[in-house]
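# Reading the structure
Now for the letters of each chain:
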Amino acid sequence: MAEGRPLRVVVAKPGLDGHDRGAKVVARALRDAGVEVVYTGLHQTPEQIVEAAIQEDADAIGLSILSGAHMTLFRRVLELLAEREAADIVVFGGGIIPDADIPLLAELGVARVFTPGASTLEIVEWVDTLRDRAQAS
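Keep in mind that what you see is a predicted model, and the values were worked out from it rather than measured.

About the criteria used
- Residues numbered from 1 in each chain as written.
- Predicted model: local features only at pLDDT ≥ 70, side-chain atom pairs only at ≥ 80, totals over all residues.
- Heavy atoms only, no water.
- Helix = DSSP H or I, 4+ residues; strand = E, 2+ residues; numbered from the N terminus.
- Polar contact = N/O pair within 3.5 Å; in protein donor to acceptor, adjacent residues only side chain to side chain.
- Pairing = 2+ DSSP bridges.
- Axes fitted to C-alpha atoms, helices over the stretch in contact; angles between N-to-C directions.
- Contact = heavy atoms within 4.5 Å.
- Buried < 20%, exposed > 50% of the residue type's maximum accessible area, 1.4 Å probe, protein only.
- Right-handed = clockwise from strand over helix to strand, strands pointing away.
- Core = buried A, V, L, I, M, F, W, Y, C linked by side-chain atoms within 4.5 Å.

### A closer look at the side chain of Ser 64
Tracing the backbone shows Ser 64 in strand 3 (residues 60-65). At 3.2 Å, the side chain of Ser 64 and the side chain of Lys 13 are in polar contact.

### Description of the sheet that holds strand 1 (residues 8-12)
Strand pairing in a sheet relies on backbone hydrogen bonds, with the paired strands running either antiparallel or parallel. Strands sit in the order 2-1-3-4-5 across an open sheet of five strands; the sheet is parallel. Looking at the sheet topology across the chains shown, the edges are occupied by strand 2 (36-39) and strand 5 (112-114). Here the average twist between neighbouring strands, direction ignored, is 20°. Where strand 4 (residues 90-95) and strand 5 come together, three bridges link them in parallel fashion. Residue pairing across strands places Gly 94 opposite Phe 114, the latter belonging to strand 5. Strand contacts of helix 1 (residues 21-32): strand 1, strand 2 and strand 3, with the helix running at about 160° to strand 2, the strand carrying the most contacts.

### Things to note about the environment of Arg 21
In this structure, Arg 21 sits in helix 1. Each C-alpha atom of the pair Arg 21 and Ser 64 lies 9.9 Å from the other, and the pair is 43 residues apart in sequence.

### Overview of the pairing of strand 3
Counting buried positions along strand 3 gives six out of six residues, so the element sits mostly inside the fold. The alternating pattern of strand 3 places Ala 60, Gly 62 and Ser 64 on one face and Ile 61, Leu 63 and Ile 65 on the opposite face, and all of these are buried. Note: strand 3 against strand 4, six bridges, orientation parallel. Paired with Leu 63 across the strands is Gly 93, a residue of strand 4. Since strand 3 and strand 4 lie parallel, the crossover through helix 3 (residues 70-83) that links them has a hand, and here it is right-handed.

### Quick notes on the nonpolar core
One finds Ile 61, Leu 63, Phe 74, Val 77, Leu 81, Val 91 and Leu 105 to be the most contacted residues of the largest nonpolar core, which totals 23 residues. Breaking this core down by element, the ones donating at least two residues are strand 1, helix 2 (46-55), strand 3 and helix 3. With seven residues, helix 3 is the largest single contributor of residues to this core. Not counting residues within four places of it along the chain, the set of residues in contact with Phe 74 comprises Leu 63, Ile 65, Val 91, Phe 92, Gly 93, Ile 97, Leu 105 and Val 110. Core analysis: the next-biggest nonpolar cluster, separate from the first, contains 19 residues, Leu 7, Val 35, Phe 114 and Trp 126 among them.

Pasting the structure below:
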């Protein structure tokens, strides 16, 4: 994260899932907390999401996935970040993700998963820890 600038997070809805109310609520909560948010809209490919994150000099990507394709979509975003030498962009997400898959996503490199019922305050507080990590490095 560049010194003196706010955190920048790309919020994205990958795949065919057409429900973005939750992503918009999270994006607004992050904006209200002083985070710069780029919302990419519905039906984004992992390639489009990673390109947006690199172009926007994002500190993190937040994926909202309700479709059940979370293992495939998170994996592909992480692979593309590595290929583009942008693995320093933190990937987190939320949605309908079975508890059993959360450790598997962590092994892939997903920093945090928020499941239904997570409050926007919890998400904002966690995202704010990225600022602390960036300043420590």
